[in-house]
Amino acid sequence: MLRLDVIEIAPTSERLSQLSSSPPHPSITKLDSSWHASRQRRAQLTVPAPRYTTQVFTMASNDAISVNSVVGMHADLEITTRGSSWLFAVCAIMGASTIVFMGMAFTKPQSERLFHYITAAITCTACIAYFAMGSNLGGTPIQAEFIRSNSAAVFGAGTREIFYVRYIDWVVTTPLLLLDLMLTAGMPTATILATIFADEVMVVTGLIGALTQTSYKWGFWTFGMFAFFFVVYEILIDGRRHANALGGAPKKAYNLAGVWLIGIWFLYPIAWGLCEGGNVIHPDSESIFYGILDVLAKPGFGALLLFMHKNIRVSDLGLGFRQPGQHVGGSHEKHGDHHATEGPGPNVGAPVPTTATGANNTTV
C-alpha cells in the first residue's frame, strides 16, 4: 500500500532522521483502517456471477398406441403412431368446427338455429369418433381376403384393423348431412325419410362387408352401391326440382352444397375398395384418405352451407319455428292448438295447389 506523509521540508539532517523514526500520523492510521473495512464489506456484498443452465424442453409424445395395446385384440396390420397423430389432428379440426358452428348459432334467434345445430351435431359426433380411432380404440382385427405378400404397403399381413367406430360415426352423421341439404330444398318429409333409409342401408352394408373375411364382402358392397345411387338420384335430380321451385338463395345454396357433398361421397366407395375391401393400402394411408374426405364432407360442407344460409330464413323453406313466448295466430290459436302450424308439413316443398272461385263464390 502506498502511504503518503505530508512533511515539512527542513534542510537539516536531524529533521530527516526525526521524520523517519516517528510513528504514522493519527489521521493516516484512521484512513487506512477505514479502507480495509470498506474492502471487507464489498467482498461480503459481492453477488456471485450467474450460472446459465440450458433446459431441454421435449414435447409430449403420442403414446396412445402403447398405452392402449392392452385393450382388445390387435391385428397384424394396424395404425402406427403416425396414423394415430393424424387421427388426433382430424379430431381437433372436428372439435374446433363444432365450437365455431355453435358460436355462429348463438348469433341467430332461436327460431333460425336449426341448420347450425344440425351441422354442429355432425362435427361433434365425428370429433368423438376420431378421438377413439386416434387412441387405437373402436377397431377389431379381420382376416384380409387379399394377403398381398409382395406388397410394400401391407407387408403380406394376415389380419387388418377395421375401425367399426368409423361406421358408427357415419350412421349418425350422414343422415344429418342429408337432412341439412334436403331441408334446404324444402323436400317433402316422405322423400327425406326414404333417402335417409337408403343412406343407412349404404352405411350398414359397408360395415358388414368390412367385417366379412370372404369374397361375399363384395356382395354387401354392391347392395351399398345400389342404395348410394338412390341417394344420388334424390339429391341431384329430385332435390334440384324442389330447389328450383323455391328459387333465389335456397336454390343457389342447395345446388352448390349438393354438388359438393355428392362429389365427395363418390370417393368413399373407392376408399373402401382400397382399404377394407381390397387391402391395398396401409391403415395409416387409410386414415389419411378417410380423414381428408371427412374434413371436406363435414366441416367443409357445413361451413359452405351455413355461409350460403346467411340470407335464408327457415320460413323461406316451409319450416316454422316460434320464438319463446311467441304465439301462433289464426284459427288454430282460437281452438287452443298452438302447435298445429309449427314445423315441416307432410308436403314441404311441394307445389301449392291453386284454387278457383266460381260465380256463386264456391271454391273449386
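This one's a predicted model, so the numbers in the text were calculated from it and none came from an experiment.

Visitor: What is the right way to read helix α7 (residues 189-210) from this model?
Guide: Note that an α-helix has 3.6 residues per turn; residues three or four places apart therefore point the same way. Taking 1.5 Å as the rise per residue, α7 with 22 residues should run 32 Å; its terminal C-alpha atoms sit 32 Å apart, in good agreement. Restricting attention to buried positions, one finds in α7 the residues Thr191, Ile192, Thr195, Ile196, Ala198, Asp199, Met202, Val203, Thr205, Gly206, Gly209 and Ala210.

Visitor: Help me out: how do you make sense of the packing of α7 against helix α8 (residues 217-246) in this one?
Guide: Packed helices, taken two at a time, are described by their axes: the angle between them and the distance between them. Here α7 crosses α8 at 155 degrees, and the two axes come no closer than 8 Å. Here α8 runs roughly antiparallel to α7, going by the angle between their axes. Judged by the twist between their axes, the crossing of α7 over α8 is left-handed. Residue-level inspection shows Thr191, Ala194, Thr195, Ala198, Asp199, Val201, Met202, Thr205, Ile208 and Gly209 of α7 in contact with α8, the latter providing Lys217, Phe220, Phe223, Gly224, Ala227, Phe228, Phe230, Val231, Glu234 and Asp238. Classifying every residue of the contact of α7 with α8 gives eleven nonpolar, five polar and four charged.

Visitor: Can you walk me through unusual backbone geometry in this structure?
Guide: Backbone geometry follows two general trends: most residues other than glycine have a negative phi, and most peptide bonds adopt the trans configuration. In this model, Asn136 sits at a positive phi of 60 degrees, which is unusual for a non-glycine residue. Residue placement: Asn136 occurs in the loop between α5 (114-134) and β1 (139-143).

Visitor: Would you take a moment to explain the packing of aromatic side chains for this structure?
Guide: Two measures describe an aromatic ring pair: the distance that separates the ring centres and the angle between the ring planes. Scanning all chains against the criterion turns up nine aromatic pairs. Here the aromatic rings of Trp170 and Tyr268 are separated by 5.5 Å at their centres, their planes lie at 90 degrees, and the arrangement is edge-to-face. Taken together, the residues span a long stretch of sequence, with Trp170 in helix α6 (residues 164-184) and Tyr268 in helix α10 (residues 267-277) at a distance of 98 residues. Pairing Phe228 with Phe266 gives two aromatic rings, centres 5.0 Å apart and planes at 85 degrees, and the pair type is edge-to-face. Of this pair, Phe228 sits in helix α8 while Phe266 sits in the loop between α9 (248-265) and α10, and the two are 38 residues apart along the sequence. Three or more aromatic residues joined by ring pairs make a cluster, and in this case those are Tyr167, Trp170, Tyr268 and Tyr290.

Visitor: Any chance you could explain the side chain of Ser84 here in plain terms?
Guide: Along the polypeptide, Ser84 turns up in helix α4 (residues 81-105). Taking the relative accessible area as the measure of exposure, Ser84 reaches 0% and is therefore buried. Contacts of Ser84, omitting those with residues within four sequence positions, involve Asn62, Ala64, Ile65, Ile79 and Gly134.

Visitor: How do you make sense of the confidence of the model for the protein chain when you look at a structure like this?
Guide: As a general rule, the predicted coordinates of low-pLDDT regions are not to be interpreted in detail. Model confidence for the protein chain is summarised by a mean pLDDT of 81, while 71% of its residues fall at 70 or above. pLDDT under 50 marks residues 53-58. Its contacts with residues more than four places away, or in other chains, come to zero contacts. Across residues 330-360, where pLDDT falls below 50, the model places 37 contacts with residues more than four positions away in sequence or in other chains.

Visitor: Which parts of the structure should I look at to understand empty space enclosed by the protein?
Guide: Rolled over the atoms, a probe as big as a water molecule pinpoints where empty space is left. All chains considered together, the criterion is met by two cavities of 30 Å³ or more. Forming the walls of the largest cavity are 21 residues, and the residues nearest its centre are Trp170, Met202, Val203, Tyr268 and Pro269. When residues of the lining of the largest cavity are traced back to their parent elements, those giving at least two are α6, α7, α8, α10 and α11 (283-308). With five residues, the single largest contributor to the lining of the largest cavity is α8. Taken as a whole, the second largest cavity holds about 50 Å³ of empty space. In terms of lining residues, the second largest cavity is bounded by Ile142, Gln143, Ala144, Glu145, Arg160, Ile162, Ala210, Lys217, Glu276, Gly277 and Asn279. Looking at the lining of the second largest cavity, the elements with two or more residues in it are β1, β2 (159-163) and α10. For the lining of the second largest cavity, the class distribution of residues is four nonpolar, three polar and four charged.

Visitor: Can you walk me through the environment of Leu267 in this structure?
Guide: Turning to its location among the elements, Leu267 is positioned in helix α10. Linking Leu267 and Phe289, residues 22 residues apart in sequence, is a C-alpha distance of 9.5 Å. Once you skip the residues sitting within four places of it in the chain, Leu267 turns out to touch Phe289 and Leu293.

Visitor: Help me understand the environment of Gly95, please; the structure alone is not making it clear to me.
Guide: Mapped onto the elements, Gly95 comes out in helix α4. Residue Gly95 is classed as buried on the basis of its relative accessible area of 17%. Separated by 35 residues in sequence, Gly95 and Tyr130 place their C-alpha atoms 9.9 Å apart.

About the thresholds
- Residues numbered from 1 in each chain as written.
- Predicted model: local features only at pLDDT ≥ 70, side-chain atom pairs only at ≥ 80, totals over all residues.
- Heavy atoms only, no water.
- Helix = DSSP H or I, 4+ residues; strand = E, 2+ residues; numbered from the N terminus.
- Expected span 1.5 Å × (residues − 1).
- Buried < 20%, exposed > 50% of the residue type's maximum accessible area, 1.4 Å probe, protein only.
- Axes fitted to C-alpha atoms, helices over the stretch in contact; angles between N-to-C directions.
- Parallel < 35°, antiparallel > 145°, perpendicular 65-115°, else oblique.
- Left-handed = near helix turned anticlockwise from the far one by under 90°.
- Contact = heavy atoms within 4.5 Å.
- Nonpolar A, V, L, I, M, F, W, Y, C, P; charged D, E, K, R; others polar.
- Phe/Tyr/Trp six-rings, centres within 6.5 Å; stacked < 30°, edge-to-face > 60°.
- pLDDT = per-residue confidence, 0-100.
- 1 Å grid on protein atoms, 1.4 Å probe; cavity = no way out; pocket = protein on both sides within 12 Å on 5 of 7 lines; lining within 4 Å.
- Points joined across faces, edges and corners; volume = space filled by probe spheres on them.

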